[in-house]
Amino acid sequence: MKIVKVDTNTPYDILIERGLVHNCGELIRGVSNAGKITVITDSNVGAVYADTVVNSLKAEGFDVSVFTFPAGEKSKNLGTIADMYSHMADFRMSRGDLVVALGGGVTGDMAGFAAASYMRGINFVQIPTSLLAQVDSSVGGKTGVDIAQGKNLVGAFHQPLLVIIDPDTLNTLPEYYINDGMAEVIKYGCIKDEKLFETLEQENALDIIDDVIEQCVSIKRDVVNRDEKESGERMLLNFGHTLGHSLEKIYNFDGLSHGQAVAIGMVMITRASEAAGITEKGATERIAALCKKYNLPVSDKAGTKEIAEVCASDKKAGGGSVNLVLLNKIGDSFTKKTPLCEVENFINV
Ligand code: MG
(Lines give C-alpha, C1' and ligand atoms only; values in the text may rest on other atoms or scores of the structure.)
Protein backbone atom coordinates (compact mmCIF):
# COMPACT_ATOMS: atom_id res chain seq x y z
CA MET A 1 0.00 0.00 0.00
CA LYS A 2 1.21 3.50 -0.83
CA ILE A 3 0.91 6.02 2.00
CA VAL A 4 1.18 9.77 1.44
CA LYS A 5 1.43 11.66 4.73
CA VAL A 6 -0.18 15.09 4.75
CA ASP A 7 1.28 17.25 7.47
CA THR A 8 -1.26 20.07 7.92
CA ASN A 9 -2.16 21.35 11.41
CA THR A 10 -4.20 18.15 11.69
CA PRO A 11 -2.03 15.54 9.91
CA TYR A 12 -3.60 12.63 8.06
CA ASP A 13 -2.69 9.83 5.67
CA ILE A 14 -3.73 9.19 2.08
CA LEU A 15 -3.78 5.44 1.43
CA ILE A 16 -3.60 4.17 -2.16
CA GLU A 17 -4.13 0.54 -3.17
CA ARG A 18 -6.36 -1.44 -5.47
CA GLY A 19 -9.25 -3.06 -3.63
CA LEU A 20 -9.01 -0.84 -0.54
CA VAL A 21 -12.70 0.01 -0.62
CA HIS A 22 -13.39 -3.52 0.62
CA ASN A 23 -11.24 -2.94 3.72
CA CYS A 24 -12.37 0.58 4.52
CA GLY A 25 -13.97 -0.45 7.83
CA GLU A 26 -10.72 -1.77 9.23
CA LEU A 27 -8.76 1.24 7.98
CA ILE A 28 -11.25 3.68 9.48
CA ARG A 29 -11.34 1.77 12.76
CA GLY A 30 -7.59 2.33 12.91
CA VAL A 31 -8.08 6.10 13.17
CA SER A 32 -11.50 6.50 14.78
CA ASN A 33 -13.42 5.19 17.76
CA ALA A 34 -16.68 6.74 16.55
CA GLY A 35 -19.88 4.86 17.31
CA LYS A 36 -21.91 6.07 14.36
CA ILE A 37 -21.06 6.76 10.75
CA THR A 38 -23.14 8.46 8.08
CA VAL A 39 -21.96 7.48 4.61
CA ILE A 40 -22.73 10.31 2.17
CA THR A 41 -22.85 9.31 -1.48
CA ASP A 42 -24.65 10.08 -4.73
CA SER A 43 -27.09 7.90 -6.63
CA ASN A 44 -24.47 6.69 -9.18
CA VAL A 45 -21.63 5.79 -6.84
CA GLY A 46 -23.93 4.59 -4.08
CA ALA A 47 -25.53 2.07 -6.42
CA VAL A 48 -22.12 0.46 -7.03
CA TYR A 49 -20.21 0.83 -3.75
CA ALA A 50 -22.52 1.70 -0.85
CA ASP A 51 -23.19 -1.94 0.15
CA THR A 52 -19.48 -2.81 0.09
CA VAL A 53 -18.61 0.17 2.28
CA VAL A 54 -21.50 -0.35 4.69
CA ASN A 55 -20.70 -4.04 5.15
CA SER A 56 -17.04 -3.32 5.79
CA LEU A 57 -17.93 -0.64 8.37
CA LYS A 58 -20.49 -2.82 10.12
CA ALA A 59 -17.97 -5.64 10.39
CA GLU A 60 -15.91 -3.28 12.55
CA GLY A 61 -18.86 -2.58 14.83
CA PHE A 62 -19.84 0.84 13.50
CA ASP A 63 -23.51 1.80 13.53
CA VAL A 64 -24.01 2.94 9.91
CA SER A 65 -26.58 4.94 7.96
CA VAL A 66 -26.42 6.05 4.31
CA PHE A 67 -27.46 9.42 2.90
CA THR A 68 -27.86 9.34 -0.90
CA PHE A 69 -28.51 12.40 -3.06
CA PRO A 70 -29.16 12.60 -6.84
CA ALA A 71 -25.86 12.55 -8.78
CA GLY A 72 -24.78 15.78 -10.46
CA GLU A 73 -23.66 19.34 -9.84
CA LYS A 74 -27.31 20.46 -9.60
CA SER A 75 -27.51 18.75 -6.22
CA LYS A 76 -24.64 20.85 -4.93
CA ASN A 77 -26.71 23.35 -2.98
CA LEU A 78 -27.66 24.31 0.56
CA GLY A 79 -30.92 22.36 0.30
CA THR A 80 -28.97 19.12 0.01
CA ILE A 81 -26.73 20.19 2.90
CA ALA A 82 -29.82 20.88 5.05
CA ASP A 83 -31.09 17.39 4.23
CA MET A 84 -27.72 15.97 5.33
CA TYR A 85 -27.95 17.81 8.68
CA SER A 86 -31.47 16.50 9.25
CA HIS A 87 -30.41 12.97 8.36
CA MET A 88 -27.46 13.11 10.79
CA ALA A 89 -29.59 14.63 13.56
CA ASP A 90 -32.33 12.00 13.08
CA PHE A 91 -29.60 9.35 13.28
CA ARG A 92 -28.50 11.05 16.54
CA MET A 93 -24.94 11.69 15.42
CA SER A 94 -22.84 13.39 18.10
CA ARG A 95 -19.49 15.21 18.19
CA GLY A 96 -17.44 12.01 18.28
CA ASP A 97 -19.15 10.44 15.27
CA LEU A 98 -17.99 10.38 11.69
CA VAL A 99 -18.99 11.20 8.12
CA VAL A 100 -17.66 9.12 5.22
CA ALA A 101 -17.68 10.87 1.83
CA LEU A 102 -18.01 8.19 -0.86
CA GLY A 103 -17.88 9.58 -4.40
CA GLY A 104 -16.46 12.25 -6.66
CA GLY A 105 -15.73 15.92 -6.14
CA VAL A 106 -19.30 17.06 -5.55
CA THR A 107 -19.79 14.44 -2.83
CA GLY A 108 -16.46 15.21 -1.16
CA ASP A 109 -17.08 18.96 -1.17
CA MET A 110 -20.57 18.69 0.27
CA ALA A 111 -19.99 15.86 2.75
CA GLY A 112 -16.86 17.68 3.93
CA PHE A 113 -18.81 20.88 4.42
CA ALA A 114 -21.61 19.08 6.28
CA ALA A 115 -18.96 17.50 8.54
CA ALA A 116 -17.20 20.86 9.01
CA SER A 117 -20.38 22.51 10.22
CA TYR A 118 -22.56 19.83 11.85
CA MET A 119 -22.28 20.37 15.63
CA ARG A 120 -19.50 22.90 14.85
CA GLY A 121 -17.43 20.24 13.18
CA ILE A 122 -17.07 16.47 13.27
CA ASN A 123 -14.50 14.21 11.62
CA PHE A 124 -14.81 12.90 8.10
CA VAL A 125 -13.09 10.33 5.92
CA GLN A 126 -12.86 10.63 2.15
CA ILE A 127 -13.20 7.72 -0.24
CA PRO A 128 -12.82 9.53 -3.58
CA THR A 129 -13.99 7.42 -6.52
CA SER A 130 -13.29 9.68 -9.52
CA LEU A 131 -9.80 10.42 -10.88
CA LEU A 132 -10.39 14.14 -10.45
CA ALA A 133 -11.32 13.71 -6.79
CA GLN A 134 -8.45 11.29 -6.16
CA VAL A 135 -5.72 13.55 -7.57
CA ASP A 136 -7.23 16.90 -6.71
CA SER A 137 -9.78 17.00 -3.89
CA SER A 138 -8.16 14.59 -1.44
CA VAL A 139 -5.54 17.19 -0.48
CA GLY A 140 -6.14 20.76 0.60
CA GLY A 141 -9.08 20.53 2.98
CA LYS A 142 -11.39 22.61 0.82
CA THR A 143 -15.08 21.88 1.30
CA GLY A 144 -18.03 23.81 -0.03
CA VAL A 145 -21.30 24.23 -1.81
CA ASP A 146 -22.69 26.34 -4.68
CA ILE A 147 -25.20 29.13 -4.18
CA ALA A 148 -27.23 30.93 -6.85
CA GLN A 149 -24.58 33.67 -7.11
CA GLY A 150 -21.70 31.30 -7.84
CA LYS A 151 -19.92 28.01 -7.43
CA ASN A 152 -18.27 27.13 -4.11
CA LEU A 153 -19.10 30.53 -2.64
CA VAL A 154 -19.87 28.98 0.74
CA GLY A 155 -17.52 26.56 2.41
CA ALA A 156 -14.84 25.89 4.99
CA PHE A 157 -11.35 24.48 5.32
CA HIS A 158 -11.76 21.11 7.02
CA GLN A 159 -9.08 18.40 6.83
CA PRO A 160 -10.19 14.76 6.59
CA LEU A 161 -9.14 12.20 9.18
CA LEU A 162 -8.08 9.80 6.44
CA VAL A 163 -8.29 9.46 2.65
CA ILE A 164 -8.77 6.02 1.12
CA ILE A 165 -8.04 5.79 -2.62
CA ASP A 166 -8.94 2.59 -4.43
CA PRO A 167 -7.83 2.94 -8.08
CA ASP A 168 -10.10 0.03 -9.00
CA THR A 169 -13.06 2.40 -8.62
CA LEU A 170 -11.86 4.01 -11.85
CA ASN A 171 -12.77 0.82 -13.72
CA THR A 172 -16.44 1.75 -13.42
CA LEU A 173 -15.87 5.42 -14.33
CA PRO A 174 -16.94 6.47 -17.86
CA GLU A 175 -14.02 7.52 -20.08
CA TYR A 176 -15.28 11.09 -20.19
CA TYR A 177 -14.60 11.39 -16.45
CA ILE A 178 -11.20 9.70 -16.69
CA ASN A 179 -10.17 12.30 -19.24
CA ASP A 180 -11.60 15.03 -17.05
CA GLY A 181 -9.22 13.95 -14.28
CA MET A 182 -6.29 13.54 -16.68
CA ALA A 183 -6.24 17.30 -17.29
CA GLU A 184 -5.36 17.84 -13.63
CA VAL A 185 -2.77 15.05 -13.83
CA ILE A 186 -1.14 16.77 -16.82
CA LYS A 187 -1.29 20.04 -14.88
CA TYR A 188 0.82 18.54 -12.05
CA GLY A 189 3.46 17.52 -14.56
CA CYS A 190 3.46 21.00 -16.11
CA ILE A 191 3.85 22.94 -12.88
CA LYS A 192 6.21 20.75 -10.88
CA ASP A 193 7.41 17.51 -12.43
CA GLU A 194 8.89 17.15 -15.89
CA LYS A 195 9.52 13.44 -15.24
CA LEU A 196 5.82 12.84 -14.59
CA PHE A 197 5.04 14.74 -17.79
CA GLU A 198 7.44 12.54 -19.76
CA THR A 199 5.94 9.41 -18.22
CA LEU A 200 2.49 10.52 -19.34
CA GLU A 201 3.88 11.06 -22.83
CA GLN A 202 5.50 7.64 -23.00
CA GLU A 203 3.02 5.37 -21.22
CA ASN A 204 -0.70 4.90 -20.94
CA ALA A 205 -1.42 6.60 -17.63
CA LEU A 206 -4.17 4.14 -16.76
CA ASP A 207 -1.69 1.24 -16.79
CA ILE A 208 0.31 2.89 -14.03
CA ILE A 209 -2.45 4.89 -12.41
CA ASP A 210 -1.50 3.95 -8.81
CA ASP A 211 1.91 5.59 -9.28
CA VAL A 212 0.42 8.54 -11.12
CA ILE A 213 -2.09 9.19 -8.34
CA GLU A 214 0.64 8.92 -5.71
CA GLN A 215 2.82 11.42 -7.57
CA CYS A 216 -0.02 13.90 -8.06
CA VAL A 217 -1.18 13.86 -4.45
CA SER A 218 2.45 14.13 -3.30
CA ILE A 219 2.96 17.22 -5.45
CA LYS A 220 -0.23 18.79 -4.17
CA ARG A 221 0.67 17.81 -0.60
CA ASP A 222 4.04 19.54 -0.90
CA VAL A 223 2.51 22.69 -2.36
CA VAL A 224 -0.32 22.85 0.18
CA ASN A 225 2.00 22.07 3.13
CA ARG A 226 3.96 25.15 2.29
CA ASP A 227 0.85 27.26 1.88
CA GLU A 228 -2.19 25.98 3.77
CA LYS A 229 -4.48 29.01 3.38
CA GLU A 230 -3.80 29.71 -0.29
CA SER A 231 -1.78 32.85 -0.62
CA GLY A 232 1.39 32.19 -2.56
CA GLU A 233 2.65 28.89 -3.89
CA ARG A 234 -0.76 27.28 -3.88
CA MET A 235 -1.70 29.58 -6.73
CA LEU A 236 0.48 27.42 -8.99
CA LEU A 237 -2.26 24.78 -8.79
CA ASN A 238 -4.37 27.21 -10.81
CA PHE A 239 -2.28 26.67 -13.94
CA GLY A 240 -4.72 26.58 -16.86
CA HIS A 241 -7.56 27.40 -14.49
CA THR A 242 -7.86 31.17 -14.92
CA LEU A 243 -8.73 30.98 -18.62
CA GLY A 244 -10.34 27.57 -18.10
CA HIS A 245 -12.70 28.98 -15.51
CA SER A 246 -13.66 31.80 -17.88
CA LEU A 247 -14.47 29.19 -20.53
CA GLU A 248 -16.58 27.18 -18.09
CA LYS A 249 -18.45 30.39 -17.34
CA ILE A 250 -19.02 31.17 -21.02
CA TYR A 251 -20.69 27.75 -21.31
CA ASN A 252 -22.57 28.16 -18.04
CA PHE A 253 -20.66 25.20 -16.53
CA ASP A 254 -22.56 22.93 -18.87
CA GLY A 255 -20.89 22.62 -22.28
CA LEU A 256 -17.36 21.74 -21.15
CA SER A 257 -16.14 19.56 -18.30
CA HIS A 258 -13.74 21.15 -15.81
CA GLY A 259 -10.89 19.09 -17.23
CA GLN A 260 -11.68 20.04 -20.81
CA ALA A 261 -11.71 23.72 -19.88
CA VAL A 262 -8.42 23.39 -17.97
CA ALA A 263 -6.79 21.60 -20.93
CA ILE A 264 -7.72 24.47 -23.26
CA GLY A 265 -6.62 26.97 -20.61
CA MET A 266 -3.19 25.34 -20.20
CA VAL A 267 -2.55 25.32 -23.93
CA MET A 268 -3.84 28.86 -24.45
CA ILE A 269 -1.82 30.47 -21.65
CA THR A 270 1.35 28.59 -22.60
CA ARG A 271 1.00 29.57 -26.25
CA ALA A 272 0.82 33.19 -25.08
CA SER A 273 3.80 32.95 -22.73
CA GLU A 274 5.84 31.07 -25.33
CA ALA A 275 5.09 33.80 -27.87
CA ALA A 276 6.15 36.38 -25.28
CA GLY A 277 9.51 34.63 -24.94
CA ILE A 278 8.80 33.55 -21.34
CA THR A 279 8.28 29.81 -21.79
CA GLU A 280 10.80 27.47 -23.41
CA LYS A 281 9.98 26.93 -27.09
CA GLY A 282 8.04 23.77 -27.90
CA ALA A 283 6.24 23.53 -24.56
CA THR A 284 2.85 24.45 -26.05
CA GLU A 285 3.16 21.75 -28.69
CA ARG A 286 4.02 19.11 -26.07
CA ILE A 287 1.17 20.07 -23.76
CA ALA A 288 -1.30 20.10 -26.64
CA ALA A 289 -0.12 16.70 -27.86
CA LEU A 290 -0.43 15.23 -24.37
CA CYS A 291 -3.93 16.64 -23.90
CA LYS A 292 -4.96 15.18 -27.26
CA LYS A 293 -3.52 11.80 -26.26
CA TYR A 294 -6.03 11.73 -23.40
CA ASN A 295 -8.88 12.96 -25.61
CA LEU A 296 -8.91 16.46 -24.21
CA PRO A 297 -9.63 19.49 -26.42
CA VAL A 298 -6.90 22.10 -26.91
CA SER A 299 -8.87 24.95 -28.47
CA ASP A 300 -12.35 26.38 -28.49
CA LYS A 301 -14.44 28.57 -30.74
CA ALA A 302 -14.72 31.18 -27.99
CA GLY A 303 -12.23 33.90 -28.93
CA THR A 304 -9.46 35.31 -26.77
CA LYS A 305 -11.36 38.61 -26.57
CA GLU A 306 -14.45 37.00 -25.03
CA ILE A 307 -12.37 34.89 -22.68
CA ALA A 308 -10.35 37.90 -21.52
CA GLU A 309 -13.55 39.89 -20.91
CA VAL A 310 -15.11 37.15 -18.79
CA CYS A 311 -11.81 36.77 -16.96
CA ALA A 312 -11.73 40.52 -16.23
CA SER A 313 -15.31 40.68 -14.93
CA ASP A 314 -14.64 37.56 -12.85
CA LYS A 315 -11.49 38.85 -11.20
CA LYS A 316 -12.57 42.43 -10.53
CA ALA A 317 -12.64 41.75 -6.79
CA GLY A 318 -8.91 40.99 -6.99
CA GLY A 319 -8.15 44.67 -7.50
CA GLY A 320 -7.58 45.16 -11.20
CA SER A 321 -5.04 42.40 -11.71
CA VAL A 322 -4.85 38.63 -11.95
CA ASN A 323 -2.11 36.19 -11.01
CA LEU A 324 -1.42 34.23 -14.17
CA VAL A 325 0.42 30.96 -13.69
CA LEU A 326 3.09 30.55 -16.37
CA LEU A 327 5.80 28.02 -17.13
CA ASN A 328 9.49 28.72 -17.50
CA LYS A 329 9.52 25.26 -18.97
CA ILE A 330 7.58 22.06 -18.39
CA GLY A 331 7.93 21.17 -14.71
CA ASP A 332 8.85 24.70 -13.65
CA SER A 333 6.13 27.29 -12.99
CA PHE A 334 5.69 30.73 -11.44
CA THR A 335 2.98 33.36 -11.00
CA LYS A 336 2.94 36.68 -12.78
CA LYS A 337 0.73 39.48 -11.53
CA THR A 338 -0.88 40.90 -14.67
CA PRO A 339 -3.22 43.92 -14.96
CA LEU A 340 -6.64 42.80 -16.21
CA CYS A 341 -6.42 45.29 -19.08
CA GLU A 342 -3.33 43.46 -20.37
CA VAL A 343 -4.77 39.93 -20.30
CA GLU A 344 -6.49 40.17 -23.68
CA ASN A 345 -3.40 41.51 -25.36
CA PHE A 346 -1.28 38.79 -23.72
CA ILE A 347 -3.41 35.83 -24.78
CA ASN A 348 -4.29 37.21 -28.22
CA VAL A 349 -1.43 35.56 -30.13
MG1 MG B 1 -9.28 22.02 -10.94
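Definitions and cut-offs
All residue numbers here refer to positions counted from 1 along the written sequence of the relevant chain. pLDDT decides what is reported in this predicted model: residues at 70 or higher carry local features, side-chain atom pairs at 80 or more are listed and counted, and totals for whole chains, interfaces and linings draw on all residues regardless. Only heavy atoms go into the side-chain values, all of them from the structure, while hydrogens and water stay out. Two strands form a pair only when DSSP identifies at least two bridges running between them. What counts as a helix is a DSSP run of H or I of at least four residues, what counts as a strand is a run of E of at least two, and both are numbered from the N terminus. Axis geometry follows a simple rule: fit a line to the C-alpha atoms, using only the stretch in contact for helices, then measure angles between N-to-C directions, giving values from 0 to 180 degrees. The contact criterion used throughout is that any non-hydrogen atoms of two residues lie within 4.5 Å. Counted as coordinating are nitrogen, oxygen and sulfur atoms within 2.8 Å of the metal, or 3.2 Å for Na, K and Ca, while water is not included, which may make sites look incomplete. For the exposure calls, accessible area comes from a 1.4 Å probe over protein chains only, and a residue counts as buried if that area is under 20% of its type's maximum, exposed if over 50%, partly exposed in between.

Draft legend 1. Inspection of the sheet that holds strand 2 (residues 12-16) at higher detail. Read across the sheet, seven strands follow the order 1-2-9-6-5-3-4 without closing on themselves; strand pairing throughout is mixed. In this open sheet, the two strands that pair with only one neighbour each are strand 1 (2-6) and strand 4 (63-69). Adjacent strand axes in the sheet meet at a mean angle of 20 degrees when their direction is disregarded. Contacts from helix 2 (residues 43-59) reach strand 3 (36-42), strand 4, strand 5 (98-103) and strand 6 (123-128), with the element oriented near 160 degrees to strand 3. Each of strand 1, strand 2 and strand 9 (162-165) touches helix 8 (residues 209-225); the most contacted strand, strand 1, lies at about 10 degrees to it.

Draft legend 2. Structural context of the coordination of the magnesium ion. Around the magnesium ion, the protein contributes the donor atoms Glu-184 (OE), His-241 (NE2) and His-258 (NE2), at 2.1 to 2.3 Å from the metal centre. Counting along the primary sequence, the residues that act as donors to the magnesium ion give the motif E-x56-H-x16-H. One end of the pair, His-241, is in helix 9 (residues 241-250); the other, His-258, is in helix 10 (residues 258-275), and 17 residues separate them in sequence. Looking at His-241, the relative accessible area reads 16%, which means it is buried. The class for His-258 is partly exposed, based on a relative accessible area of 24%.

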